[in-house]
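What follows is each chain in one-letter form.
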Amino acid sequence: MKLYPIVFEPLLKPIMWGGDEICKFKGLSPIQDGIGESWEVSHVKNSVSVVSNGELKGQSLDQLIHTYEAQLLGENVLARFGKKFPLLIKFIDARDHLSIQVHPDDALAKARHDSFGKTEMWYVISAKPGAFLYSGFAKQLDAQTYVENVEDNTFVETLEKHETQAGDVFFLPAGRVHAIGAGCFIAEIQQTSDITYRIYDFNRKDAQGNSRELHTELAKDAIDYTISQEYKLSYAQEKDKFTPLVDCPYFTTNLLETDKRLERDLQERDSFSIYICMQGKLTIKDDLGALVEIRQGQTALIPASCKSISLIASENCKIMETYINKA
């Protein structure tokens, strides 16, 4: 069977800090409250995406990878990551603050968990007035002062606080301490990993009155204590052109705003491509004539075997494109 542009069923995740924005954004009914995340493309154990369109409907991403291998992933991706889909695509709705956390890099994650590390990026879809997030340190720390600040409840004061608005982009390499604040609605692209070291949780209790587990010691060795000069990325969007947002060893992400039909040559990419519809509607036509339409809040996976696509956008369409660059 020939591969075609694939859409997956969303995996909705009820979480204590979640709200109702995800269902509204995605046009899902009935609207569910308390949904913190929607996983759009996932190969995480026990949360593997299932195809929702076409002849492959009902098959899992795992089945697709084992059947089609490089046709789906690309020779380059298969050689680097094996039969593991390397990216996790999700939407995050923070009604309340998320915990302050950090993720290990590849070396530490491999040694401790036999897993990929977790480098990620955030694109702010919308933000309520006064919403903010934390990314990186505002002042220099070392491992010892980090532990002391956690123990005396002053760790938050060491972090760089960023007021957020729609369109903000943050790149979060593994090791960068971060937290999403209440009122932020975000699209996240990350390495396939579900490893999080929770550093601080604002002394919250669960329904049974228990504090959530913290990982102070595990996090100590995972943290990059370097202060960056650019936590929030700057970019200049040009209509009808792909604007680079992030280019790192784990993913390349571009943003497109258009209401036209554009052709995209994928021949030299040697990677699957992912298109996230952030606004409006988008029809994708592949080089064999297969069509898929996605609307705001939906994501399409274009197999690596596809050499070119046509992107046919509705009025005021906004699209995020992601793929794996050759190492």
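Just above sits the structure.
Residues numbered from 1 in each chain as written. Predicted model: local features only at pLDDT ≥ 70, side-chain atom pairs only at ≥ 80, totals over all residues. Heavy atoms only, no water.

A. Focus on the overall build of the protein chain. A count of helical and extended segments in the protein chain gives seven helices and 24 strands. Computed over the C-alpha atoms, the radius of gyration of the protein chain is 20 Å, within 12% of the 20 Å expected from 2.2 N^0.38 for a compact globule of 327 residues. Once local pairs closer than 6 in sequence are excluded, the contacts in the protein chain between residues at least 24 apart make up 75%. Carbon and sulfur atoms make up 45% of the accessible area of the protein chain, which amounts to about 14,200 Å² in all. (Helix = DSSP H or I, 4+ residues; strand = E, 2+ residues; numbered from the N terminus. Rg over C-alpha atoms; globule rule 2.2 N^0.38 Å. Contact = heavy atoms within 4.5 Å. Areas by Shrake-Rupley, 256 points an atom, 1.4 Å probe, with all protein chains shown as cover.)

B. Quick look at the environment of His43. Mapped onto the elements of the fold, His43 is located in strand S4 (residues 43–44). Aside from chain neighbours lying at most four places away, what touches His43 is Val48, Leu61, Asp62, Ile65, Lys83, Lys84, Phe85 and Thr192. Within polar-contact distance, the side chain of His43 engages the backbone nitrogen of Phe85 at 3.0 Å. (Polar contact = N/O pair within 3.5 Å; in protein donor to acceptor, adjacent residues only side chain to side chain.)

C. Geometry of the state of the cysteines. Tallied over the full model, the rule gives zero disulfides. As a non-bridged cysteine, Cys317 has Cys277 as the owner of its nearest cysteine sulfur, 4.4 Å distant. (Disulfide = S-S within 2.5 Å.)

D. Representation of the pairing of strand S22 (residues 299–302) in the model. Burial of the side chains of S22 extends over both faces: Thr299 and Leu301 are buried on one face and Ala300 and Ile302 on the other. In this sheet, S22 lies alongside strand S1 (residues 6–7) in antiparallel orientation, the contact comprising two bridges. Following the sheet pairing, Ile6 is matched in S22 by Leu301. (Buried < 20%, exposed > 50% of the residue type's maximum accessible area, 1.4 Å probe, protein only. Pairing = 2+ DSSP bridges.)

E. Molecular detail of helix H6 (residues 143–151). Within H6 the residues assigned to the buried category are Tyr146, Val147, Asn149 and Val150. The buried residues of H6 occupy an angular sector of 165° when the element is viewed end-on, so they sit on one face. On its buried side, H6 packs onto strand S14 (197–200) and helix H7 (216–222). The residue sitting at the N-terminus of H6 and contributing the capping side-chain oxygen is Asp142; that oxygen lies 3.2 Å from the backbone nitrogen of Gln144. With its phi angle positive at about 60°, Asn153 sits one or two positions after the end of H6. (Arc of directions from axis to C-beta.)

F. Spatial organisation of a negative patch on the surface. Judged by side-chain charge, Asp142, Glu148, Glu151, Asp152 and Glu157 come together as a negatively charged surface patch. Relative to the helices and strands, Asp142 is located in the loop between strand S9 (132–137) and H6. (Patch = residues over 30% accessible without salt bridge, like charges linked within 9 Å, V, L, I, M, F, W, Y side chains within 5 Å. Salt bridge = Lys/Arg side-chain N within 4 Å of Asp/Glu carboxyl O. Lys, Arg positive; Asp, Glu negative; His and termini not counted. Charge placed at Lys NZ, Arg CZ, Asp CG, Glu CD.)

G. Summary view of the sheet that holds strand S15 (residues 232–233). Taken in spatial order, the seven strands make up an open sheet running S2-S3-S6-S13-S8-S11-S15, and their pairing is antiparallel. Of all strands in the sheet, those with a lone pairing partner are strand S2 (11–19) and S15, marking the two edges. Both strand S11 (residues 169–172) and S15 contribute to a ladder of two bridges, which runs antiparallel. Opposite Phe170, over in S15, you have Lys232 as the bridge partner.

H. Layout of the side chain of Thr252. Mapped onto the fold, Thr252 is located in strand S17 (residues 252–258). Polar side-chain contacts of Thr252 include one of 2.8 Å to the side chain of Asp247. Setting aside its immediate chain neighbours within four residues, Thr252 contacts Val246, Asp247, Glu321, Thr322, Tyr323 and Asn325.

I. Region of the structure containing the nonpolar core. If you look at the biggest cluster of nonpolar residues, it comprises 46 residues, and the most contacted ones within it are Ile6, Leu72 and Phe85. Here this core takes four residues from helix H2 (residues 61–68), the largest share from any one element. Residues contacting Ile6, with those up to four places away along its chain left out, are Val51, Asn53, Leu56, Leu64, Leu72, Thr299, Ala300 and Leu301. (Core = buried A, V, L, I, M, F, W, Y, C linked by side-chain atoms within 4.5 Å.)

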